[in-house]
Amino acid sequence: MAKQEDDFKKVISHAKEYGYVFQSSEIYDGLSAVYDYAQNGAELKKNIREYWWKAMVNLNENIVGIDAAIFMHPTTWKASGHVDAFNDPLIDNKDSKKRYRADVLIEDYVAKIEAKIEKEVAKASKRFGDTFDKKQFLATNQRVVDYQEKADAILKRMGKSLENEDLADVKSLIEELDIACPMSGSKNWTDVKQFNLMFGTKLGASAESAMDLYLRPETAQGIFVNFLNVQKTGRMKIPFGIAQTGKAFRNEIVARQFIFRMREFEQMEMQFFIRPGTQKEWYEKWKENRLKWHLSLGLGEENYRFHDHDKLAHYADAAADIEFRFPFGFKELEGIHSRTDFDLSQHEKFSGKKLQYFDPELKESYVPYVVETSIGLDRMFLAVFSNSLQEEELENNTTRTVLKLPAVLAPTKAAVLPLVKKDGLPDVAHKIIEDLKWDFNVIYDEKDAVGRRYRRQDAAGTPFCITVDHQSLEDQTVTIRHRDTMEQHRVAISEVKSIIHKEVDMRSWLQRMG
Ligand code: GAP
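Residues numbered from 1 in each chain as written. Predicted model: local features only at pLDDT ≥ 70, side-chain atom pairs only at ≥ 80, totals over all residues. Heavy atoms only, no water.

- By the naming in an unreviewed UniProt entry, the chain goes by Glycine--tRNA ligase and is assigned to Maribacter aquimaris.
- On record in UniProt, under Subunit (unreviewed entry), the comment for the chain is "Homodimer."
- For the chain, the Subcellular location (unreviewed entry) comment in UniProt is given as "Cytoplasm". (UniProt positions renumbered as here; feature names shortened; annotations may be inferred.)

Pasting the structure below:
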């Protein structure tokens, strides 16, 4: 645990030091669970968004993208169920006065059991070497089987109690498991209460006429209310999808995991409208497709897993998370939800307008079913950033800090460095930048010895350094250094663009999805 915390602290301080993420309003001591993206962070975030948009919208003929407003008519949230059911169960510790999500306390307890399973697996894998069969070990090792049964039973009971609104049983479970306040060790708990996560605000100039609004807690509803407009104006035929990216807001009870759980965050969501009865098939297809998208970035297959929900949201008939191994363990990165016809039917009921599709093949009208994919952009940022941050032991017994971001997502693709600040080398470097900047985000750096500049770019995540030296003046060549291997090659200046292009081109990265 101490190592995990240490690693996570390194991620947070690196994000600040290299201009990725700052605490919001830092000069006023910050605002809890709100963050600003700095010069490099804004580029990385934009690149992740583009990578998603390309894969979801541009590469699918039957998916279009929209950009709906954050403010929506307040009845939207009554219809969607968020006013009544978008709650988290909270519990306070009477001694430390700290507030927690009751379900997160229980999930953290289960995560500790899962960590024990992983430890057993690691031990056995070391013992058996190449002959180790993980699947068989998980199914037959009695200690591991007991751990797994215990974890499953706890989650099942919690899911059932939450579904039945049996908050007294959630508290009993916390007490039976002997869960203590992580801050104080006290087990003196209040009852569990429900807490609505939506932020309220007002629209209108005078207090009497102002209308109560909510800041949207998910972008999905902007898609549902536009379903028919898009279908008609785009002449879309089922099955088809509507995607969008944008801000969402939740008054999270516990928000102390950096950009993992924020009060203002960004989602990338897609609602896929289908014939009733086909939801199982599409749910499985989208689970597979979304996992492939993640794997295309090369962050390591072992860092992802599916988690099927025991506790279903009020709108879903099936749901799974794609979990990622964050520095603090496996946690939800993306959700795939089979939302039935819940949302469209509810909007029909509350608006009095028909939200149906006439299926020309079946020659009948129906309210479509929906399979949704929903990923947090900030969580994706944290997944990519934390996975990429590495400390490497070098042959000369030194270490280097390197941010091995997938080149396609890196904020700056290349730094152009004149070896010295004189003899006309800066002019050649600027000329190279003038050409490259039309295709890639590139920077110029002339400060410090070239070795230090390389290290600075390694830590900032820049995949290429292009160095202009005296030979460049004679033969129009430069050296190009690769961040990950630190290898350097001498190449013609005229080749630089195509070398970078080959490594950062979105097409070749996304084609890995197959
Ligand atoms: N429309 C469905 C929906 O909103 P969700 O599971 O509540 O589903 C989807 O959220 C994704 O949004 C999550 O998988 C996560 O990546 C991201 N997300 C949710 N709450 C977040 C928060 N407070 N901070 C950052 N990301 C969040």
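Still more ground to cover, so stick around.
### Description of the overall build of the chain
- For the chain, the count of helices and strands is 18 helices and 23 strands.
- By the compact-globule yardstick of 24 Å for 514 residues, the chain fits well, its C-alpha radius of gyration being 26 Å.
- With the C-alpha coordinates of the chain rotated into their principal frame, the extents come out at 75 × 60 × 55 Å.
- Taking all 514 residues of the chain together, the buried fraction comes to 50%.
- Put simply, 66% of the contacts in the chain that link residues at least 6 apart link residues at least 24 apart.
- When the 75 positive and 82 negative side-chain charges of the chain are each reduced to one mean point, those points stand 1 Å apart. (Helix = DSSP H or I, 4+ residues; strand = E, 2+ residues; numbered from the N terminus. Rg over C-alpha atoms; globule rule 2.2 N^0.38 Å. Buried < 20%, exposed > 50% of the residue type's maximum accessible area, 1.4 Å probe, protein only. Contact = heavy atoms within 4.5 Å. Lys, Arg positive; Asp, Glu negative; His and termini not counted. Charge placed at Lys NZ, Arg CZ, Asp CG, Glu CD.)

### Considerations on the UniProt feature "domain: Aminoacyl-transfer RNA synthetases class-II family profile" (unreviewed entry) in the chain
- Feature annotation in UniProt assigns "domain: Aminoacyl-transfer RNA synthetases class-II family profile" (unreviewed entry) to the following positions: residues 177–418.
- The span residues 177–418 shows a helical share of 21% and a strand share of 36%, and its end C-alpha atoms are spaced 62 Å apart.

### Focus: the packing of helix α7 (residues 142–163) against helix α8 (residues 167–176)
- Closest axis-to-axis distance for the α7/α8 pair is 8 Å, and the angle between their directions is 155 degrees. Relative to α8, the element α7 lies roughly antiparallel. In this structure, α7 crosses over α8, and the sense of that crossing is left-handed. Across from I154, R157, M158, S161 and L162 in α7, the residues of α8 making contact are L167, D169, V170, S172, L173 and E176.
- Here the contact of α7 with α8 is composed, by residue class, of six nonpolar, two polar and three charged. (Axes fitted to C-alpha atoms, helices over the stretch in contact; angles between N-to-C directions. Parallel < 35°, antiparallel > 145°, perpendicular 65-115°, else oblique. Left-handed = near helix turned anticlockwise from the far one by under 90°. Nonpolar A, V, L, I, M, F, W, Y, C, P; charged D, E, K, R; others polar.)

### What about the site of the ligand?
- If you check the shell around the ligand, you find 22 residues, and the closest are E218, E252, M262, E269 and E332.
- Between E252 and the ligand, the recorded distance is 2.8 Å, taken from a side-chain N or O atom to a nitrogen atom.
- One nitrogen or oxygen atom from the side chain of E372 is found 2.8 Å from a nitrogen atom belonging to the ligand.
- Protein burial of the ligand: of its 550 Å² of free accessible surface, 94% is covered by the chains.
- Within the residue set of the shell around the ligand, elements represented by two or more residues are β10 (264–274), β13 (329–340) and β16 (369–376).
- If one sorts the elements of the shell around the ligand by residue count, β13 sits on top with six residues.
- Of the residues belonging to the shell around the ligand, the class tally is seven nonpolar, five polar and 10 charged. (Near = heavy atom within 4 Å. Polar contact = N/O pair within 3.5 Å; in protein donor to acceptor, adjacent residues only side chain to side chain. Areas by Shrake-Rupley, 256 points an atom, 1.4 Å probe, with all protein chains shown as cover.)

### Digging into the sheet that holds strand β20 (residues 442–444)
- With mixed pairing, the five strands of this open sheet are ordered in space as β20-β19-β21-β22-β23. This sheet does not close on itself; its edge strands, each paired only once, are β20 and β23 (488–492). Here the strands of the sheet are splayed against their neighbours by 25 degrees on average, with no regard to which way each runs.
- Pairing analysis gives five bridges linking strand β19 (residues 414–418) to strand β21 (residues 464–468), with the strands arranged parallel. (Pairing = 2+ DSSP bridges.)

### Here's the deal with the packing of aromatic side chains
- The tally for this structure, following the rule as stated, stands at 24 aromatic pairs.
- An aromatic cluster is built from F8, Y35, F258, F260, Y304, F324, F326 and F328, whose rings are joined through pairwise contacts.
- The side chain of K287 reaches across the aromatic face of F306, ending 4.9 Å from its centre.
- Sitting over the ring of F260, R379 keeps its end group 3.7 Å from the ring centre. (Phe/Tyr/Trp six-rings, centres within 6.5 Å; stacked < 30°, edge-to-face > 60°. Lys NZ or Arg CZ within 6 Å of the ring centre and 35° of its normal.)

### Some points on α7
- Helix length check: α7, at 22 residues, gives a terminal C-alpha distance of 31 Å against a target of 32 Å (1.5 Å per residue), a fit within 8%.
- Where α7 is concerned, the buried positions are V144, V145, A151, I154, L155, M158, G159, S161 and L162.
- Those residues of α7 that are buried are in contact with β4 (87–92), α5 (102–128), α6 (134–140) and α8.
- Taken from the residues just after α7, E165 is the one with a positive phi, measuring 55 degrees. (Expected span 1.5 Å × (residues − 1).)

### Some remarks on helix α13 (residues 377–388)
- Counted at 1.5 Å a residue, the expected span for α13 with its 12 residues is 16 Å, and the 16 Å between its end C-alpha atoms agrees.
- Counting buried positions along α13 gives 11 out of 12 residues, so the element sits mostly inside the fold.

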